[in-house]
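Descriptive structure summary
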Amino acid sequence: MHRPFEPYNAGKHGIVGTFDARTTESTPTQLRWLPFPIVDDKELDFIDGLGTIGGAGDTALKSGLAVHIFTANKSMDRRAFCDSDGDLLIVPQQGRLDITTEFGMIMAAPNEIVVIQRGMRFSVALPDGPSRGYVLEVYDGHFELPDLGPIGANGLANPRDFQTPIAKYENSANAEGWSVVNKYQGDLFVARQDHSPFDVVAWHGNYAPYKYDLAKFSVIGSVSFDHVDPSVFTVLTCKSAHPGTAVADFVIFPPRYEVQMHTFRPPYFHRNCMSEFMGLIRGQYEAKQGGFLPGGASLHSMMTPHGPDAKTVATATTRELQPGRVADGTQAFMFESMFQLRLTKWALEHQQRDHDYYMAWQTIPITFNPNQL
Ligand SMILES: [Fe+2]
């Protein structure tokens, strides 16, 4: 029981449902944002603090994806959110998210991720105060474990480590003044109701939200020379109809040993047939010694060159190649997609946009010597 949905515009930061030339812009240039600030001059909960970086496709046709940032300083109070447009993969970067869902409770700390599927009502409380994070939304399909191929039965993210909530009933007696905010075709709508959306006594089946601790990822990499394709760091994938490319992969760059000999060990320079949106949960990413900070982001679009910055190149080309640890105490991640992302005006004109990002590569020396045998 609820009253009719009405437009809700309080928290819209570039949220759209169709990523076309009318609503968004495009650029192939490398983009970077310094940490997205959590404001303290007005109250923002998870819904009102949601801003859209960009995406591709059309929610109405159930094709594409969107990338969002959330910055919140207030728990959701007697209101729930539901996304009619797709499934959400939420990456908290600062502060835990105490999430009430129709299926029960999920407590997610930074370095954990949460997946909440299409249509599920949920409410986000902030037990640690202000919170920030990243959201990947897919308009079709669901996140699943990648095919392991020759890896076999075990490795990467193991099924046993995914946790689903236990049913928890919230008594609806005297529960007046609830509202449900519904993201539908890229717009937000709100409906009032006088009962808790979380008055669900039990559930069964496997269409349920879950969380996963990234520290439990069993990392695989080269133990001889060269690099394994970084797709081996895929935690979850939302497959497309084309094998080898995905609507979206959720990929992490976890702490691990690096032992490859005769190898430039940082992530190599490349162009990609997919789009790469990256975020940093904590620490320092192995390919950037400045500028890419926890709570910030970068976007390297399809076929645009990118790779380690000049300082990383200088370090990696002069160090002695002994076995060592890489990226201890850090956690970077990537939303990688076969789609070309269009960008919202909110993202392109954001005060945290780093317009000097291209400078990260300008001082890399040419070291090839054609006279060296
Ligand atoms: Fe890349």
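Counting from 1, residues in each chain are numbered in the order their sequence is written. Predicted model: local features are reported for residues with pLDDT of at least 70 only, side-chain atom pairs are reported and counted for 80 or more only, and whole-chain, interface and lining totals are derived from all residues. To get the side-chain values, all heavy atoms of the structure are used, and hydrogens and water are removed first.

A word on the overall build of the protein. Per the convention used, a helix needs a DSSP run of H or I reaching at least four residues, while a strand needs a run of E reaching at least two, with both numbered from the N terminus. Each helix and strand counted, the protein has 2 helices and 22 strands in total. Taken over C-alpha atoms, the radius of gyration is set against a globule rule of 2.2 Å times the number of residues to the power 0.38. In terms of overall size, the protein behaves like a compact globule, its C-alpha atoms giving a radius of gyration of 21 Å where 373 residues would be expected to give roughly 21 Å. Each principal axis of the C-alpha atoms in the protein carries an extent, and together these give about 80 × 45 × 40 Å. Sorting the 373 residues of the protein into buried and exposed places 53% on the buried side. For the protein, contacts bridging at least 24 residues in sequence account for 80% of all contacts bridging at least 6. Just so you know, the count uses Lys and Arg for positive and Asp and Glu for negative, and it drops His and the chain ends. Lys charges are placed at NZ, Arg charges at CZ, Asp charges at CG and Glu charges at CD. Across the protein, the 31 positively charged side chains and the 41 negatively charged ones have centroids separated by 1 Å. A 1.4 Å probe rolled over the protein chains alone gives each residue an accessible area, and that area as a share of the maximum for its type sets the label: buried under 20%, exposed over 50%, partly exposed in between. We call two residues contacting when some pair of their heavy atoms lies within 4.5 Å.

Moving on to unusual backbone geometry. Even without a glycine there, the phi angle at Arg78 is positive, about 50°. Following the sequence through the fold, Arg78 ends up in the loop between β4 (63-72) and β5 (79-83). When its relative accessible area of 38% is taken as the criterion, Arg78 is described as partly exposed. The backbone phi angle of Asn111 is positive, close to 80°, even though this residue is not glycine. When you line up the elements, Asn111 lands in the loop between β8 (104-108) and β9 (112-116). Judged by its relative accessible area of 5%, Asn111 is buried.

All right, on to the pairing of strand β21 (residues 331-337) then. With 7 of its 7 residues buried, β21 lies for the most part within the structure. Here β21 shows two buried faces, one formed by Gln331, Phe333, Phe335 and Ser337 and the other by Ala332, Met334 and Glu336. By this definition, two strands are paired if DSSP reports at least two bridges between them. Both strand β16 (residues 246-253) and β21 contribute to a ladder of 5 bridges, which runs antiparallel. The residue of β21 that forms the bridge with Phe250 is Phe335.

Moving on, we get to the coordination of the iron ion. Reference values for coordination geometry: four tetrahedral donors around a metal ideally subtend 109.5 degrees, six octahedral donors ideally subtend 90 or 180 degrees. Listed donor atoms are N, O and S within 2.8 Å of the metal (Na, K and Ca: 3.2 Å). As water is not included, a site may look incomplete. The coordination sphere of the iron ion, as far as protein atoms go, consists of His270 (NE2), Glu276 (OE), Glu276 (OE) and His306 (NE2), spread over 2.0 to 2.1 Å. Site shape is set this way: if four donors have all angles between 85 and 135 degrees, tetrahedral; if opposite donors are over 155 degrees apart and all others between 65 and 115, square planar for four donors and octahedral for six; otherwise irregular. Angles of 62 to 160° at the metal separate the 4 donor atoms of the iron ion, which places the site in the irregular class. Mapped onto the polypeptide sequence, the residues donating to the iron ion form the spacing pattern H-x5-E-x29-H. Taken together, the residues span a long stretch of sequence, with Glu276 in strand β18 (residues 275-282) and His306 in the loop between β19 (297-300) and α1 (310-316) at a distance of 30 residues. Accessibility classification places Glu276 together with His306 in one group, the buried group.

Read from one edge of the open sheet, 6 strands run β2-β19-β18-β21-β16-β15, paired in antiparallel fashion. For this open sheet the edge positions go to β2 (31-33) and β15 (234-239), each flanked by a neighbour on one side alone. On average, adjacent strands in this sheet sit at an angle of 15° to one another, irrespective of strand direction. Note that β18 and β21 share 7 bridges and pair antiparallel. The partner of Gly279 across the bridge, within β21, is Phe333. Under this scheme, a helix contributes an axis fitted over its contacting stretch, all axes are lines through C-alpha atoms, and angles between N-to-C directions fall in the 0 to 180 degree range.

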